[in-house]
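The lines below spell out each chain.
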Amino acid sequence: MLKLLVCIKQVPDVDQMTIDPETGKINRTGVPSILNPLDANAVAAAVNVKETYGGEITLITMGPPSAEAVLRECLAVGADYAILVTDRAFGNADTLATSYAIVSAAKQIDHYDLIFCGKETIDGATGQMGAQLAERFDAAQITSACLIHTVDEANGTLVVERELENSTETLEVTMPCLLTMEKTHYPARMPSLKGKMAAKKKVITTMTSADIPDLDFNRIGDSGSPTKVPRTFPPVMPEPGIVIDEGSVTASVAKLLTFIAE
Ligand code: FAD
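Every chain's residues receive numbers from 1 upward, in the order its sequence appears when written. pLDDT decides what is reported in this predicted model: residues at 70 or higher carry local features, side-chain atom pairs at 80 or more are listed and counted, and totals for whole chains, interfaces and linings draw on all residues regardless. Water and hydrogen atoms play no part in the side-chain values, which are based on all heavy atoms of the structure.

**Q** Just checking my understanding: could you explain the UniProt feature "domain: Electron transfer flavoprotein alpha/beta-subunit N-terminal" (unreviewed entry) in the protein for this structure?
**A** UniProt positions are given in the numbering used here, feature names are shortened, and annotations may be inferred rather than shown by experiment. Within this numbering scheme, the UniProt entry marks residues 23-216 as carrying the feature "domain: Electron transfer flavoprotein alpha/beta-subunit N-terminal" (unreviewed entry). Secondary structure elements are defined from DSSP: runs of H or I of at least 4 residues count as helices, runs of E of at least 2 residues count as strands, and each element is numbered from the N terminus. Between the end C-alpha atoms of residues 23-216 the distance is 34 Å, and the span holds 30% helix and 30% strand.

**Q** It is not clear to me how the site of the ligand should be interpreted in this structure. Could you clarify?
**A** Inspection of the region around the ligand gives 29 residues, with Lys9, Asp39, Ala93, Thr121 and Thr126 positioned closest. In protein, a polar contact requires one atom able to donate a hydrogen and another able to accept it; more generally it is a pair of N or O atoms within 3.5 Å, and residues adjacent in sequence count only if both atoms are side-chain atoms. Here Gly118 contributes a backbone N or O atom positioned 2.9 Å from an oxygen atom of the ligand. Only the protein chains shown count as cover for residues, with accessible areas throughout obtained via the Shrake-Rupley method and a probe of 1.4 Å. For the ligand, whose accessible area on its own is 940 Å², the fraction buried by protein is 79%. For the shell around the ligand, the secondary-structure elements that each account for two or more residues are strand S6 (56-62), helix H3 (95-109) and strand S8 (114-118). Gly counts as polar in this scheme, as do all residues outside two lists: the nonpolar Ala, Val, Leu, Ile, Met, Phe, Trp, Tyr, Cys and Pro, and the charged Asp, Glu, Lys and Arg. Class assignment of the residues belonging to the shell around the ligand gives a composition of 10 nonpolar, 13 polar and six charged. Near, as used in this document, describes a residue that has one of its heavy atoms within 4 Å of the molecule or strand being considered.

**Q** Explain the layout of surface pockets here, please?
**A** Rolling a probe over the atoms, with the probe sized like a water molecule, indicates the empty space that remains. Using a 1 Å grid laid over the protein atoms alone, points where a 1.4 Å probe fits but cannot get out form a cavity; open sets with protein on both sides within 12 Å along at least 5 of 7 lines form a pocket; any residue with an atom within 4 Å of a point counts as lining. Grid points are joined across faces, edges and corners, and a volume is the space filled by probe spheres set on the points. Reported here for the second largest pocket is a volume of approximately 180 Å³. Looking at the second largest pocket, the residues that line it are Leu35, Ala40, Val43, Ala44, Glu73, Cys74, Val77, Ala188, Arg189, Met190 and Pro191. Listing elements by their share of the lining of the second largest pocket, those giving two or more residues are helix H1 (37-53) and helix H2 (68-75). Among the elements that line the lining of the second largest pocket, the one with the most residues is H1, at three residues.

This is how it looks when you write it as structure tokens:
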């Protein structure tokens, strides 16, 4: 049976977030938390594979206890199991420490054939996690995957299309494989009432650092994070441009020349 793992992250709704220009601190007060939008597409892709080829889907997230909400949201659209990796010891982690903690936890539970990620988050937005997780899972990786053509469980391969700047390319890879998903062909699934009810009853496996034997505490949390963020600041927006439209090219060019001369 195909074992599918989907990595999801609870993120603040960045549209409602502000940065204090004096202190450079992010103001999260009253900002709601949501499922990272591209992770909903990753879940939809996994559900699509399950519906077509069979298998079971496990979700994993590292975050605060409140991240249970996004796990339930994804359980409601077709995932079977969920793991919440949560512990103060994991806090202040950069991507290096986050990927180490996630893979260390996942490996305690099972071995996975296909691992799905969103392409990037809307808060950290480094886009580094997919590549780091693939390396730590010792899995092949296809970034910017947009369409899964076939999964051949017997041969342990899959054929995937990935987006390039102006085209796509189709690749055949061996499992285990990690895909970072584009949203192109896998719109977020809407939960049914039945799905929501079932999700409420599902057991979420919570893992702390104590549940991971041989965890190297020097590689998690603050001490395992070489990335330092000295300052955060809102981007300086450029002055809005001027549109010159005098009704014809000749008139517009004449106006532009006058403008430049002035
Ligand atoms: P991306 O690489 O853009 O994500 C790609 C995909 O990876 C996502 O779509 C998703 O599928 C998967 N993914 C990403 N994050 C997770 C996750 N947590 N669980 C499961 N799957 C995931 N964040 C905190 O919440 N608390 C902190 O205290 C904290 N301290 C930080 C300190 C530093 C110095 C830095 C640099 C970052 C800190 N972060 C903290 C942010 C945290 O490290 C990142 O959010 C996390 O590593 C993921 O990076 P990203 O958001 O850029 O993910």
